[in-house]
Amino acid sequence: MTTQLDPQYRAEALRSLGRDDIDVLIIGGGVVGAGAALDAAARGLTTVVVEARDWAAGTSSRSSKLIHGGLRYLEQLDFALVREALKERGLLLNRLAPHLVHPVSFLFPLRRHWERPYIGAGVALYDTLGGARALPMHRHLSRSRALEFAPALRADALTGAIRYFDAQVDDARHTMMLARTAAQHGATVLTRTKVTALLREHDRVVGATVTDLESGRSYDVRARSVISATGVWTDEMNAMTGVPFPFRVRMSKGVHIMVPRDRLDLHTGLIMKTEKSVLFVIPWREHWIIGTTDTDWSLDRDHPVATATDVRYILDHVNSLLREPISEDDIVGTYAGLRPLLSGASDDTAKLSREHAVAEPVPGLFVIAGGKYTTYRVMAADVVDAAVAGFGRAVAPSVTENLPVLGAVGYHELRADAGTVARRAGLPVETVTHLLERYGSLATELLAMIDTAPELGMRLPGGGDYLGVEAVYAVTHEGALHLDDILTRRTRISIEVPDRGLAAAAVVADLVAGHLDWDEATKAAELARYRDRVRAELTANAAADDVSANAARLVAVS
């Protein structure tokens, strides 16, 4: 049986806080924090990870959804970073999370004849740097062949193309599944729990005061080491220590838009260079994700938003390639995330290093910052190594290179036999495939719930192709506590349907109310809070600049 992150688990986990001293307390439930929790627990360390909002609520749910080596880092001659990332890509594809990480092809349009040898050499190096190949090799294409893959492109916008492969992931689901896997290995994992103070003895950090934001109750958790994996909130942790830090974190805003799949006649993703960075067109279920931007951000960390200017930048660049331009009317969703970049000498955020750093600013507190999503496992291992170095006893090395995420084991077998599984469940094979590609072998748990309550096998009204069982499972197994958790991160309804999930919200609230002990007043408050959030985000999206958009978004509390 897998560990269920249901309300009962949470209540018991809270009761255990502070009862005994632990080995490692981890602050932050993004991909690095969740990865560190898994790394530490798998070594046999008593581990607690606390997150102030929800798993992946910050940067880790708002990425480009790519698991990649960073093709453009080759231009910066950052071969070590690319090699490391490509190794991690191979591990995720083949061993660690094949149910969540899938291959995706990209077309790199060539606009000038001299680009072919230059870019081709870079892509050839990209194909081989990561060791054993996990994906097909790149191919050079003529203009006519490129247009067969991408009829939406203007013929005069390219002289030819190079097609190569990378990988993509549902970042929020992957992060949450890391937390669940950590719990399966004995870690205590908690959301809506915020560190409000550090506990000290003399000059050493020996734990933290953790406040449950649902009840307001606080707990003192004593730990041999405390790890801060707080991403763009790292500077807030710096301030809590009261000592100078060896580095700072800059925030760079990346915006993406979502358009329906049938709006672009493409049989592959696209990548194009811009004057500042690169722009991707990424296949995503029944949509295309198009982005990203790269601009400094110094406003609210919790709720970065896309402005009309950001969207216009994306549209202008992608339309420079398209026969039929897309417009604001084609967009069904937007999202903005903040990259945590280590401070560097350059003023251009696109040129700052994505490599990570580990520091111990005060004894007992270890801070990890920087990096990129793809290399989360390396970052997690590095910070846990640092945190246990002073334990005075042998601690096992990291084992996560060989530790599959929940749902990985048995996925390939079920996927190959999806037709039989569908017949036995009495469901369309498309439904079973949908569940397998989101839950892996854990899809059997959802199929069992549908068998008990067949109505849960129906699609959520206004929720795209998501099923009612997914909303319920988010609460009974995946730790969702609020509508926003379900609509924004356990599913991606909030960015995949034109009304941002407003129609689905009421249905989801009815489905989960009993599991979360919501009375009618609580349910109404949840719906109102979600509606306010959507309204505030749409108002912010219409603003021309960051300051105006930030003010508009902060009108809503969630």
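Conventions and cut-offs
- Residues numbered from 1 in each chain as written.
- Predicted model: local features only at pLDDT ≥ 70, side-chain atom pairs only at ≥ 80, totals over all residues.
- Heavy atoms only, no water.
- Buried < 20%, exposed > 50% of the residue type's maximum accessible area, 1.4 Å probe, protein only.
- Helix = DSSP H or I, 4+ residues; strand = E, 2+ residues; numbered from the N terminus.
- Pairing = 2+ DSSP bridges.
- UniProt positions renumbered as here; feature names shortened; annotations may be inferred.
- Patch = residues over 30% accessible without salt bridge, like charges linked within 9 Å, V, L, I, M, F, W, Y side chains within 5 Å.
- Areas by Shrake-Rupley, 256 points an atom, 1.4 Å probe, with all protein chains shown as cover.
- Salt bridge = Lys/Arg side-chain N within 4 Å of Asp/Glu carboxyl O.

Moving on, we come to the pairing of strand β18 (residues 365-370). Burial of β18 is extensive: 6 of the 6 residues sit out of reach of the surface. Across 3 bridges, the pairing between strand β10 (residues 218-228) and β18 is parallel. For Val226, the partnering residue across the bridge sits in β18 and is Leu365. The pairing of strand β17 (residues 356-362) with β18 spans 5 bridges and is classified as antiparallel. Counted as the bridge partner of His356 is Gly370 from β18. Counting the residues between successive antiparallel strands, the hairpin from β17 to β18 contains 2 residues, one of them, Gly364, with a positive phi of roughly 95 degrees.

On to the UniProt feature "domain: Alpha-glycerophosphate oxidase C-terminal" (unreviewed entry) in the protein, then. Per the UniProt record, "domain: Alpha-glycerophosphate oxidase C-terminal" (unreviewed entry) is annotated on residues 398-523. Across residues 398-523, the secondary structure splits into 56% helix and 0% strand, with the terminal C-alpha atoms separated by 43 Å.

Moving on, we come to the pairing of strand β4 (residues 101-110). Counting buried residues in β4 gives 8 out of 10 residues, a clear majority hidden from the surface. In terms of strand pairing, β4 meets strand β6 (residues 160-169) through 10 bridges, oriented antiparallel. For Leu107, the partnering residue across the bridge sits in β6 and is Arg163. Note: β4 against strand β12 (residues 269-273), 2 bridges, orientation parallel. Of the residues in β12, the one forming a bridge with Leu107 is Leu270.

On the surface, Leu77, Phe79 and Leu125 cluster together into a nonpolar patch covering about 270 Å² of accessible area. For Leu77, the position within the fold is in the loop between β3 (66-67) and α3 (79-96). Judged by its relative accessible area of 61%, Leu77 falls in the exposed class.

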